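Overview (structure and organization)
This is what each chain is made of:
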Amino acid sequence: MERRRFLQIAGGSAAGALSLGGWLLQSDAPEAPAESRQVAGFCELCFWKCGIHATVENGRVVKVEGHPEHPLSRGRLCPRGNAGTGALYDPDRLKRPLIRVGGRGSERFREASWEEALSLIAARMQAIKARYGPEAMALFTHGHGGSFFSHLLKAYGSPNVAAPSYAQCRGPREVGFQLTFGTGIGSPENTDIANSRFLVLIGSHLGENMHNTQVQEFAEALRKGARLAVVDPRFSTAAGKADWYLPIKPGTDIALLMAWANVLITEELYDKAYVEKYGEGFEPFRQAIAADTPEWAAGITEIPAGTIRAVAREMARQKPNVLIHPGRHVTWYGDDTQRSRAIAILNGLLGSWGRPGGFYFPSGATVPKYPVPEYPKPARGTADGSGSRYPLADETLASGLCDATITGAPYRAKGWIVYGTNLLQSLPDPRRTLKAIQQLELLVVVDVLPVEIAGYADVVLPEATYLERYDDLYAGTFREPFVALRQPAVAPLYDSKPGWWIARELGHKLGLAAYFPWNNIEEYLDRRLKGMNSSLAEMKKKGVITYAAQDLYLGPDHKFDTPSGKVEFYSALLAQAGFDPVPRYRPQAEGPPGYKRLIFGRSPLHTFGRTTNNRVLASVVRENEAWISTSAAAELGIRNGERIRLVNQEGIRSNTVRAKVTKRIRPDCVYLVHGFGHKAPKMRAAHGRGASDSDLVSSFAVDPIMGGTGMFVNFVKVEREA
Ligand SMILES: Nc1nc2c(c(=O)[nH]1)N[C@H]1C(S)=C(S)[C@@H](COP(=O)(O)OP(=O)(O)OC[C@H]3O[C@@H](n4cnc5c(=O)[nH]c(N)nc54)[C@H](O)[C@@H]3O)O[C@H]1N2
Ligand SMILES: Nc1nc2c(c(=O)[nH]1)N[C@H]1C(S)=C(S)[C@@H](COP(=O)(O)OP(=O)(O)OC[C@H]3O[C@@H](n4cnc5c(=O)[nH]c(N)nc54)[C@H](O)[C@@H]3O)O[C@H]1N2
Ligand code: SF4
Ligand SMILES: [Mo]
C-alpha cells in the first residue's frame, strides 16, 4: 500500500485544495452562501486540459474539482488543477494593457486603453506587411486559447505559427513514431497504460510528470499487478515503485534500446507473427544490430548485461501487453528522433502497437467549422527550416523562427506575437532569444502574468484566465472521442479580456473582419455545436459530450501509414535523406573535468514557470533544489540544505539554490526542477526563488532530422555560497 500512496490524486472534495497550505480556507469560507453554483469547463494549469467543475459562491470561485464525466479527469484533478483559484486570484496578474516607455527589458510601461493598445498593434502590423510582407509576422503560441490568434495570423497571410511544445518538447517523438508506424503519438498520448502488464519508463517520470489521466492509469496498472522498469540517471518517484531500476549513464539510451532488441531477436523472443505480418526491413535491421549485445551496451550504459537481459526477457514474457513508454519531453541530446525511433522499434518487435496494454488507436469527434473565407496563400514558406534544413519536421519550429529572426535566412520575422509562452524560459539559450528580439519592430505579449518575456514587449495584453472566459471548443482525440467547452465561471477581473475578443478586435482593425463574421463567441460556439446536434445551452450545462470508442486495437487488415504500409524496422526514407536507417548509438561529448551534466524535470506541484507564482502552490513548494549525489557532495564538502550556485561551462551562474544531497542521483549529474529562478520583478511570489535551468541551457544540440533542440548537453560545477 505504502509504495503506491504518491499516486493518489486529490479526490472530488475540497481536501485536495485544503491540504495545500490552507490557503483556500482562510480566504473563502463564508457561511451559507447566498449564491452557489457549479460551472463546467477545462483546466489550463497545464496543457492536458482535464475537465473541471468550478464552484462559485457569492461571485467568487471557491474551489475547482474534477469533472466526473470528463474522460481526462474522471472526477479528479492533480494538485495543480485543484489550485486554479491561485491562478485566478493571483495579485500579480496583468491588469490593463501596457505600452512600453523605457528600453526593452527595462520593465517601464504605461497603462493604456484597449483601443489605444490594439490600434498601435494594428498600425505596426500593417506597416510590417507593407514593408516586408505578411510572412514577417510570427506567432508563438502555447495553450488552448491561442487558436484564435493562429486564425488571425493565417488570415493576415503568415504561415509562421509555432509552439515550443514541438521543437523543445515532443517533436522528435512524433517523427520517430511516424517513421516507424506511420502515426505520431499526439496528446493525450495513445498509451494504453491502464491495461499494461509491463511498463518501461525511459526517463519519463510519471508521478512527478503529473498528467492526470496517465498518472491515474499508472496507479491502476500497478494496482492490477503490472511490473515496472525505470531507466533514469535519477531515482525518480516512479523508480521507487519499480521492479527494476536502471541508473543509466545519461545520453546512452540508444545503446540500451538496441541491446534489448538484440536480446529479443537472438533469443527469438520477439512477436514473430506480428513482425512477419506487419513488419518491413526486419532482416537488414537484424543485421545492423547484430553486434549490439548486452555486453557491448553494458560498457556504454553502465547497466550490467545481466540486468539488460532480464528486463528484455520480462518484456517478452508479457508481450504484447507491454508499453515501452515514448515519453513526452524528449529533446535531450540532439539524437532524439533516433532514440524515439529505437523506442518505437522495440514496441514493434513486441507487437504492442495496436494491442491492449501497448498503444491503442485513438479517435476524435469532428465539429463543423464556422464558415469563413479561405486564408490567403503566403508567398513564402515558413522561415523556421522545417521541411528544408530539417527535412522531416512536420510542425513549425519555434527555435527555427528565433534563428531566422537573428540571421535573416531565409528571411527575418520583424514582428512577434507571443501568446501564453514565456520564450525566455522555454527556448534554449535565452541570450539568443534576446538577440532576436533586438531585430523586431513589434513584440506583443498576451499573457496573464508579468513574466520575463512581457518585460521586453512593446505592448502587453492582459488575458482573462481560463476561469473567466470562453475559448474555442476542444475536440479531444482519445479512447472515446469527446468535445469539451470552456466557459467563464466569473466575469474577467480588472481590465483583462478573453483571447477570442482580442483576436477579433485586432482582426477588425486589420481589415480582416470577414474572418471574424460572428458578433460574439456565444454565437460562434452555438453555430458550431448545432452542426453536431448539440447547442451552447446544452454544453454549458454538461461541459463535455463523449462518444462511443471506435476500434481501439489492431484489426486483421491494418495498413500502416508509412511508405511501405508496414512497420518500418529499417527506414529507406531516413537512408535517402542521409540518416541512419537503423538507430545507431553515438557517444555524447563529456563535460570538462569537475563538471556535472545538468538534467531537469518536473515537480508534481508545478507546471514550468506558469505556476511558480501561484500562491496556493508556492505555499507548498516555493523553490527548487539542486540534486547532488552524496558522494559528489562529500568531495566538495557540501551539506544537505546548504545554499550553492551552479556555474555552467560558459561561466553562467545561477541564483543561489538549496543543495539536496541525495543517493537518488548519479554522481555525474545535477538535477533541477524547471520553471524556477524567475527574474521578472513583478512576479512577487516567484521572483528570485530557486535556480533557473533555462539560463544554464546556453548550449543545445539540434536534431538534424527535425530540428528539435536537445538541452541536456550543459555541464555545471557547484560553488558554495560564502
Ligand atoms: N507536474 C507537472 N507535470 C507535467 C509538466 C509540468 O510542468 N509539471 N509538464 C508536462 C509536459 S509539457 C511534459 S513535456 C512532460 C515532461 O515529462 P517527461 O516526458 O517525463 O520528460 P522529462 O521532463 O524530460 O523527463 C525528465 C526525466 O528524465 C531523466 N533523464 C535525464 N537524462 C536522461 C537520460 O539520458 N536517459 C534517461 N533514460 N533519463 C534521463 C531525468 O532525470 C528526469 O527524471 O511533463 C508533463 N507533465
Ligand atoms: N530549460 C528548459 N526549457 C524547456 C523545458 C525545460 O524543462 N527546461 N521544457 C520544454 C517543454 S516540455 C515545453 S512543453 C515548453 C513549455 O514552454 P511554455 O509554453 O513557454 O510554458 P510555460 O513556461 O508554462 O509558459 C506559459 C506562459 O503562459 C502564461 N499563461 C498561463 N495561462 C495563460 C492563459 O490563460 N492565457 C495566456 N495568454 N497566457 C497564459 C504563463 O503566465 C506563462 O508565461 O518549454 C520547453 N522548454
Ligand atoms: S493534469 Fe493537472 S494541471 Fe494539467 S490539466 Fe489536468 S488537472 Fe490541470
Ligand atoms: Mo512539454
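A few words on the nonpolar core. Trp-260, Phe-285, Met-315 and Leu-349 are the most contacted members of the largest nonpolar core, which has 66 residues in total. Once residues within four sequence positions are removed from consideration, Trp-260 is found in contact with Val-200, Ile-202, Val-231, Leu-246, Ile-308, Val-311, Ala-312, Met-315 and Leu-346. Counting residues in each nonpolar core, the second largest holds 47 residues, with Ala-117, Ile-417, Tyr-524 and Leu-529 among its members.

So, on to the site of ligand 2. Around ligand 2, a shell composed of 29 residues is seen, among which His-142, Thr-421, Asp-447, Glu-463 and Asp-693 lie nearest. Between an oxygen atom of ligand 2 and a main-chain N or O atom of Gly-420, the distance comes to 3.2 Å. Residue Ser-426 places a main-chain N or O atom 2.8 Å away from a nitrogen atom belonging to ligand 2. In the complex, 96% of the free accessible area of ligand 2, which totals 920 Å², lies under the protein chains. Only helix H7 (164–181), helix H16 (423–426), strand S15 (442–447) and helix H24 (693–696) provide two or more residues apiece to the shell around ligand 2. Here the shell around ligand 2 gets 4 residues from one element, more than from any other, and that element is H7. When its residues are assigned to classes, the shell around ligand 2 shows 11 nonpolar, 12 polar and 6 charged. Three or more residues apiece are contributed to the shell around ligand 2 by two domains, here domain 2 (98–167 + 390–480 + 492–546) and domain 4 (596–720).

If you check the domain split of the protein, you get domain 1 (13–88), domain 2 (98–167 + 390–480 + 492–546), domain 3 (187–361 + 556–576) and domain 4 (596–720). Of note, the centres of domain 2 and domain 3, computed from C-alpha atoms alone, are 37 Å apart. Contact residues are listed per partner, giving 6 residues for domain 2 and 11 residues for domain 3. Here domain 2 meets domain 3 over a buried area of about 630 Å², counting both sides, of which 56% is carbon and sulfur. Contact with domain 3 buries surface across domain 2, with Leu-392, Phe-478 and Arg-479 losing the most and accounting together for 75% of the total. Across the contact surface, domain 2 and domain 3 share 2 salt bridges. Here Glu-217 ties to Arg-479 by a salt bridge, and the two come within 2.7 Å at their closest N and O atoms. Grouping the constituent residues of the side of domain 2 that touches domain 3 by class yields 4 nonpolar, 1 polar and 1 charged.

Taking burial as the measure, the 5 residues of strand S6 (residues 137–141) include 5 buried ones, the bulk of the element. Here S6 shows no split at all, with Met-137, Leu-139 and Thr-141 on one side and Ala-138 and Phe-140 on the other all buried. The pairing of S6 with strand S14 (residues 415–419) spans 5 bridges and is parallel. Note that in S14 the partner of Ala-138 across the bridge is Trp-416. Alignment of S6 against strand S7 (residues 161–162), held across 2 bridges, turns out to be parallel. Counterpart to Leu-139 in the pairing with S7 is Val-161.

Here the focus is the packing of helix H9 (residues 253–266) against helix H13 (residues 305–318). Remark: H9 packs on H13, axes separated minimally by 9 Å, with the N-to-C direction vectors making an angle of 60 degrees. In terms of orientation, H9 lies oblique with respect to H13. Along this stretch, H9 crosses H13, giving a crossing that reads as right-handed. Residues Leu-256, Ala-259, Trp-260, Val-263 and Leu-264 of H9 form the contact with H13, whose participating residues are Ile-308, Arg-309, Val-311, Ala-312, Met-315 and Ala-316. Among the residues forming the contact of H9 with H13, the class breakdown is 10 nonpolar, no polar and 1 charged.

Oppositely charged side chains are able to pair whenever their charged atoms sit close together. Considering all chains together, one arrives at 59 salt bridges under this definition. Put simply, Arg-131 and Glu-441 hold a salt bridge, and the shortest N to O gap is 3.7 Å. Note that Arg-131 is positioned in helix H5 (residues 114–132) and Glu-441 in the loop between helix H17 (430–437) and S15, a separation of 310 residues in sequence. Arg-131 gets classed as exposed once you look at its relative accessible area, which sits at 59%.

Counting buried residues along strand S9 (residues 227–231), 4 of its 5 residues qualify, which places the element largely inside the surrounding structure. Judged from the 5 bridges that link them, strand S8 (residues 198–202) and S9 form a sheet pairing that is parallel. Across the sheet, residue Ile-202 finds its bridge partner in S9, namely Val-231. For the segment spanning S8, helix H8 (residues 212–223) and S9, crossover handedness is right-handed. As paired elements, S9 and strand S10 (residues 244–246) share 3 bridges and run parallel to each other. Bridge assignment links Ala-229 to a residue of S10, and that residue is Trp-244.

Conventions we followed
Along each chain, numbering runs from 1 in the same order as the chain's sequence is written. Throughout, the order in which chains and ligands are written sets their labels, letters from A for the former and numbers from 1 for the latter. Thresholds applied to this predicted model are a pLDDT of at least 70 for local features of residues and 80 or more for the giving and counting of side-chain atom pairs; totals over whole chains, interfaces and linings are not thresholded and use all residues. Side-chain measures were taken over the full set of non-hydrogen atoms in the model, leaving aside hydrogen atoms and water. Definition of nonpolar core: a set of buried residues of the types Ala, Val, Leu, Ile, Met, Phe, Trp, Tyr and Cys, connected through side-chain atoms within 4.5 Å. Note on exposure labels: buried denotes an accessible area under 20% of the residue type's maximum, exposed denotes more than 50%, and partly exposed covers the range between, all computed with a 1.4 Å probe on protein chains only. Contact criterion: two residues are considered in contact whenever any of their non-hydrogen atoms come within 4.5 Å of each other. By convention in these notes, a residue is near a molecule or strand provided one of its non-hydrogen atoms lies within 4 Å of it. Under the rule applied, a polar contact is a pair of N or O atoms within 3.5 Å (in protein, one hydrogen donor and one hydrogen acceptor; residues adjacent in sequence only if both atoms are side-chain atoms). To measure how exposed things are, a 1.4 Å probe is used in the Shrake-Rupley method; for residues, cover is taken only from the protein chains shown. Only DSSP runs of H or I covering at least 4 residues are called helices, and only runs of E covering at least 2 are called strands; the numbering of each starts at the N terminus. Charged residues are taken to be Asp, Glu, Lys and Arg, nonpolar residues to be Ala, Val, Leu, Ile, Met, Phe, Trp, Tyr, Cys and Pro, and polar residues to be all remaining types, Gly included. Domain segmentation is taken from an automatic or database assignment of domains. Once two parts are brought into contact, the accessible area they lose, counted with a 1.4 Å probe and summed over both, makes up the buried area. For this document, the term salt bridge refers to a Lys or Arg side-chain nitrogen within 4 Å of an Asp or Glu carboxyl oxygen. Strand pairing is assigned whenever DSSP detects at least two bridges linking the two strands. For every element, the axis is a line fit to its C-alpha atoms; helices are fit only across the contacting stretch, and the angle between N-to-C directions ranges from 0 to 180 degrees. Just so you know how the angles are binned, under 35 degrees is roughly parallel, over 145 roughly antiparallel, 65 to 115 roughly perpendicular, and the rest oblique. Note: crossing handedness is left-handed where the near helix turns anticlockwise from the far helix by less than a right angle, and right-handed where it turns clockwise. A right-handed crossover is one whose linking path, passing over the helix from the first strand to the second, runs clockwise when the strands point away from the viewer.

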